[in-house]
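# Topology and contacts: notes
Next come the chains, spelled out residue by residue.
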Amino acid sequence: MNPKEAGQPNALRYWSVWILTLSVLLLLFLKGVSLMLRSFNAWAGLGLALLLYLLMAVLLAKRNTTPQHYPLFRSVDLGFEYEEVSFPSRDGLNLSGWFVPGKNGATVILTHDFSRNRLSCTDVARILAQQGFGVLLYDLRGHGQSQAAVSTWGWVEINDLLGALDYLRKRPGVDRDRIGALGFGLGAQITLRLAAQEPGLRAVAAEAPTFAALSDHVVSSAFSLRKLVFYPWLWLS
C-alpha cells in the first residue's frame, strides 16, 4: 500500500462520524430550545440539560482524539547535529523524524506526548547526545509532519514506535542489541506497552504515562460525582 494512501479511509470515516453526530445533537438541541420557548416544564428542561451535556461530551471526546498541530521551527539551534529521516509505521503510514548519530553504540527512541511533536523531546535528546547515545526523535501519527489526523490514545500509535524500532534495526551503525526507548505522556504509555511485547528493547523509561483503557482511569475506581460527570466523554473517547 502506498503510505500516502494509508490512513485516508479511516480519517474520512472519522470526520464523517463526528460531523453526523454533532449535526444530529445540534438539531435535537435547537428543537428542544424551540419547544422550551413555547411551553416550559420541568421534564423538558431536564431533557434539554442532558442533551446539552451530551453535546459537550461529544465535543470533548473529539478534542481528545484530534491532536493539535504545532509547527517545527527548523531554524532553531537544537544543540546537536541531526539527520532528517522518514520511515513507515508497522501499518504503513509515513512518519517523520530526526536521527542523531551516537558514539557509544547505544540508541534511544524518544516518543512525545499527545498534541506535541519531536521538538518537545529536544532537551532530553541533547543530554543523551552529549553522553554519546544515538537518538531517534519522531512525530507520532497525526502530529508534526507525520501522516494521519486521528489519535487513538495509543492503541494504533504503538505501530509508530514499532516502525521506529524496525527502522533502527536496519540502520547501519546502530547496534540492534542496544536500543532503548523513553516516552512522555501518551508516548510513555506506548513505550510501556511495547516493552511488554518486545523483549529486544533493552531499556525503557516512561514519564507520566497516560491511561490505555477506561478501566485504568482514576474516575473508574469507585462511584463519585467526578466519575458521573466525566465518565460519558471518557467512554466516547
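Residues numbered from 1 in each chain as written. Predicted model: local features only at pLDDT ≥ 70, side-chain atom pairs only at ≥ 80, totals over all residues. Heavy atoms only, no water.

Each helix and strand in the protein was counted, giving six helices and six strands. In the protein, which comprises 237 residues, the proportion classed as buried is 43%. Taking contacts inside the protein between residues at least 6 apart in sequence as the whole, the part at least 24 apart equals 67%. With the model as given, the accessible surface of the protein reaches about 12900 Å², and the carbon-plus-sulfur share is 63%. (Helix = DSSP H or I, 4+ residues; strand = E, 2+ residues; numbered from the N terminus. Buried < 20%, exposed > 50% of the residue type's maximum accessible area, 1.4 Å probe, protein only. Contact = heavy atoms within 4.5 Å. Areas by Shrake-Rupley, 256 points an atom, 1.4 Å probe, with all protein chains shown as cover.)

Attention shifts here to the packing of aromatic side chains. One pass over the structure, following the stated rule, counts five aromatic pairs. For the pair Tyr82 and Trp98, a centre-to-centre distance of 4.5 Å together with 35 degrees between the ring planes defines the contact as tilted. Taken together, the positions of Tyr82 in the loop between α2 (42-63) and β1 (83-88) and Trp98 in strand β2 (residues 94-100) put the pair 16 residues apart, joining distant regions of the chain. Members of the aromatic cluster, connected to one another through ring pairs, are Phe80, Tyr82 and Trp98. Between the NZ or CZ atom of Arg193 and the centre of the ring of Trp155, over which it lies, the distance is 4.4 Å. (Phe/Tyr/Trp six-rings, centres within 6.5 Å; stacked < 30°, edge-to-face > 60°. Lys NZ or Arg CZ within 6 Å of the ring centre and 35° of its normal.)

Next up on the list: the pattern of salt bridges. Within the structure shown, the criterion is met by nine salt bridges. The closest approach of N and O atoms between Arg169 and Glu198, which form a salt bridge, is 3.0 Å. Residue Arg169 is located in helix α4 (residues 158-170), and its partner Glu198 is located in the loop between α5 (186-197) and β6 (203-207); the two are separated by 29 residues in the primary sequence. In this structure Glu198 comes out as buried when scored by relative accessible area, which is 13%. (Salt bridge = Lys/Arg side-chain N within 4 Å of Asp/Glu carboxyl O.)

Grouped together as the largest cluster of nonpolar side chains are 22 residues, with contacts concentrated most on Ile109, Leu136, Tyr138 and Leu168. Listed by contribution, the elements that provide at least two residues to this core are β1, β2, β4 (134-138), α4, β5 (179-184) and α5. Counting residues per element, this core draws most heavily on α4, which supplies seven residues. Those residues in contact with Ile109, other than ones at most four positions away along the chain, are Leu136, Tyr138, Leu161, Ala164, Leu165, Leu168, Ile179, Gly180, Ala181 and Leu182. One finds Val108, Cys121, Leu128 and Ala129 within the second-largest nonpolar core, a separate group that totals 16 residues. (Core = buried A, V, L, I, M, F, W, Y, C linked by side-chain atoms within 4.5 Å.)

On to α4. An ideal rise of 1.5 Å per residue puts 18 Å on 13 residues; α4 measures up with 19 Å between its terminal C-alpha atoms. Within α4, 10 of the 13 residues are buried, which leaves the element mostly enclosed by the surrounding structure. Along α4, the residues classified as buried are Ile158, Asn159, Asp160, Leu161, Leu162, Gly163, Ala164, Leu165, Tyr167 and Leu168. (Expected span 1.5 Å × (residues − 1).)

It is worth spelling out the confidence of the model for the protein at this point. When pLDDT is averaged along the protein, the result is 83, and 86% of the positions lie at 70 or above. Here residues 1-9 scores under 50 on pLDDT; set against residues more than four positions off or in separate chains, the count is 11 contacts. (pLDDT = per-residue confidence, 0-100.)

Looking now at the sheet that holds β1. As summarised here, the arrangement of the six strands in space is β1-β2-β4-β3-β5-β6, forming an open sheet in which the pairing is mixed. Single-partner strands in this sheet number two, and they are β1 and β6. On average, adjacent strands in this sheet sit at an angle of 25 degrees to one another, irrespective of strand direction. Bridge count for strand β3 (residues 107-111) against β4 is five bridges, and the pairing is parallel. Along β4, the bridge assignment pairs Val108 with Val135. Strand contacts of α5: β3, β5 and β6, with the helix running at about 145 degrees to β5, the strand carrying the most contacts. (Pairing = 2+ DSSP bridges. Axes fitted to C-alpha atoms, helices over the stretch in contact; angles between N-to-C directions.)

Let us look at the pairing of β4. Most of β4 sits out of view: five of its five residues are buried. Of the two faces of β4, the one carrying Gly134, Leu136 and Tyr138 and the one carrying Val135 and Leu137 are both buried. Bridge count for β2 against β4 is four bridges, and the pairing is antiparallel. Directly across from Phe99, in β4, lies its bridge partner Leu136. The parallel pair β3 and β4 is bridged by helix α3 (residues 122-130), and the resulting crossover is right-handed. (Right-handed = clockwise from strand over helix to strand, strands pointing away.)

Turning our attention to α3. For α3, the set of buried residues is Thr122, Ala125, Leu128 and Ala129. Mapping the buried residues of α3 onto a view down its axis gives an arc of 120 degrees, with all of them on the same face. Along α3, the residues that are exposed and aim more than 90 degrees away from the buried face are Ile127 and Gln130. Lining the buried residues of α3 we find β2, β3 and β4. Phi turns positive, to about 95 degrees, at Gly132, one or two residues after α3. (Arc of directions from axis to C-beta.)

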